[in-house]
Amino acid sequence: MRILVTGGAGFIGSYISESIIGQGHEVVCVDNLFTGSMDNLEGVADNPRFTFIKHDIVEPLFIDGVIDQVYNLACPASPVQYQSNQVHTIKANTVGMINMLGLAREHGARFLQASTSEVYGDPEVHPQVEEYRGNVNPIGPRACYDEGKRVAETLCFDYFRMHGMEIKVVRIFNTYGPRMAFNDGRVVSNFIVQALKKEPLTLYGDGSQTRSFCYVDDLVTGLIAMMKTDKKITGPINLGNPQEMSIQTFAATISDLCDSKQKPLYKDLPIDDPRRRCPDITKAKKLLQWEPKVSLADGLKKTIVDFRARLEKSQV
Ligand code: NAD
Ligand code: UDP
């Protein structure tokens, strides 16, 4: 098969590209390199079955030849990055979505959308089930992403209803692993970099807000399993690790693993920061026979080894 991965030079996209190449398929990777990097593609860049196109999905795109599947991941994912150009984030999730759905339709390709737990906003239902319609502030600073991703889901289902397209909507919960950008502002990268540099960990608010962290290998297995499901399975489906913890406990875990004794540095909680987040993965277990396998301790250890090596390299 020939598979288009938008956002393929990003954190998750690069693992998907590698996995698809590893299965003997062809990858066409489309990325504007806003938050992604060619460094992430080192393992596949020279493979004859891999093609890279530098392109912003907000602009129309035409690809010659066959495209069998599209993984649509092109969108900055961290609050700092997606708020740095809010209008562009909305464009990627509206204009860009229409461009990519149109491309997939033209090719008769199956389309998997990387949606997000952010569609639940600051949730009043806990853990979050797919039926929950969310609690999103439509005019806040996160809305460009949250509402953008909600519209993106709407567009998938409109193309499904109007054009009979094969769609798969996956709501991804916080995912981490080696290769995350140092400076993306997400809690995992911030805390690991700070702990390795023996700097105080920046805790936003009182640290009582919760998240549930999924190791990237587990997530990619789930995404690929979802893409392979029968045509009638559209999602939305949650993929994430249901092991929930407070950010304060998460900070202590990272400090321990990095042997850092610094006290946390408390900072203001960002506006509309969700107070708690945990996926209900009953559907994924049933439909995909999927559940995360990598423990937080094991996943963090691998991530820290990678961050330490990259930090040392960047300081040489
Ligand atoms: P990332 O920022 O590392 O990857 C996004 C990639 O998309 C980057 O390579 C970036 O350059 C590219 N991109 C951004 N805007 C683009 C545009 N307009 N045109 C072309 N390319 C563009 O983030 P990630 O963590 O790998 O996330 C990938 C996808 O998964 C995103 O759609 C994100 O919303 C979704 N997601 C991620 C998480 C997570 O915890 N990592 C959680 C929920 C959803
Ligand atoms: N956070 C924090 N310190 C940081 C970065 C993030 O305390 O240096 C908190 C943030 O306020 C949020 C959680 O960690 O409650 C997860 O933040 P992240 O930006 O990784 O992703 P989110 O799940 O909010 O999209």
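Residues numbered from 1 in each chain as written. Chains lettered and ligands numbered in written order. Predicted model: local features only at pLDDT ≥ 70, side-chain atom pairs only at ≥ 80, totals over all residues. Heavy atoms only, no water.

Q: Explain the pairing of strand E6 (residues 167–172) to me, please; I cannot follow it from the model alone.
A: Sheet faces and side chains relate simply in a regular strand, where the side chains alternate between the two faces. The element E6 is extensively covered by neighbouring structure, given that six of its six residues are classed as buried. The two faces of E6 match: Ile167, Val169 and Arg171 on one face and Lys168, Val170 and Ile172 on the other face are all buried. Pairing geometry for strand E5 (residues 110–116) and E6, over six bridges, is parallel. Note on E6: the bridge partner recorded for Gln113 is Val169. For the segment spanning E5, helix H5 (residues 143–163) and E6, crossover handedness is right-handed. (Buried < 20%, exposed > 50% of the residue type's maximum accessible area, 1.4 Å probe, protein only. Helix = DSSP H or I, 4+ residues; strand = E, 2+ residues; numbered from the N terminus. Pairing = 2+ DSSP bridges. Right-handed = clockwise from strand over helix to strand, strands pointing away.)

Q: Just to check I follow, could you spell out helix H3 (residues 86–93) for this structure?
A: It helps to recall that an α-helix has 3.6 residues per turn; residues three or four apart then point in one direction. By the burial criterion, the buried members of H3 are Thr89, Ala92 and Asn93. Projected down its long axis, H3 shows its buried positions confined to an angular sector of 95°, all on one face. Packing partners of the buried residues in H3 comprise helix H2 (79–82), helix H4 (95–107) and H5. (Arc of directions from axis to C-beta. Contact = heavy atoms within 4.5 Å.)

Q: I would appreciate a short explanation of the nonpolar core in the present structure.
A: For soluble globular proteins, the rule of thumb is that nonpolar side chains tend to be buried together. One finds Ile16, Tyr71, Leu223 and Phe250 to be the most contacted residues of the largest nonpolar core, which totals 59 residues. Examining the composition of this core, we find that seven residues originate from one element, helix H7 (residues 216–227), more than from any other. (Core = buried A, V, L, I, M, F, W, Y, C linked by side-chain atoms within 4.5 Å.)

Q: Looking at this structure, how should I read the site of ligand 1?
A: The immediate surroundings of ligand 1 are formed by 30 residues, with Ile12, Asp31, Thr35, Tyr145 and Arg186 found nearest. Taking Asn32, its main chain carries an N or O atom lying 3.1 Å from a nitrogen atom of ligand 1. Take Tyr145: an N or O atom from its side chain is 2.6 Å from an oxygen atom of ligand 1. Surface burial for ligand 1 is 96%, taken as the share of its 820 Å² of free accessible area covered by protein chains. Counting only elements with at least two residues in the shell around ligand 1, the list comes to helix H1 (11–22), H3, E5 and H5. Residue contributions to the shell around ligand 1 peak at three residues, all from E5. Of the residues belonging to the shell around ligand 1, the class tally is 15 nonpolar, 11 polar and four charged. (Near = heavy atom within 4 Å. Polar contact = N/O pair within 3.5 Å; in protein donor to acceptor, adjacent residues only side chain to side chain. Areas by Shrake-Rupley, 256 points an atom, 1.4 Å probe, with all protein chains shown as cover. Nonpolar A, V, L, I, M, F, W, Y, C, P; charged D, E, K, R; others polar.)

Q: Help me understand the site of ligand 2, please; the structure alone is not making it clear to me.
A: Taken together, 18 residues are adjacent to ligand 2, and Val187, Thr202, Arg211, Asp273 and Arg277 come closest. Between an oxygen atom of ligand 2 and a side-chain N or O atom of Arg142, the distance comes to 3.0 Å. In the complex, 95% of the free accessible area of ligand 2, which totals 510 Å², lies under the protein chains. Of all the secondary structure elements, the ones that give two or more residues to the shell around ligand 2 are helix H6 (187–196) and strand E8 (202–204).

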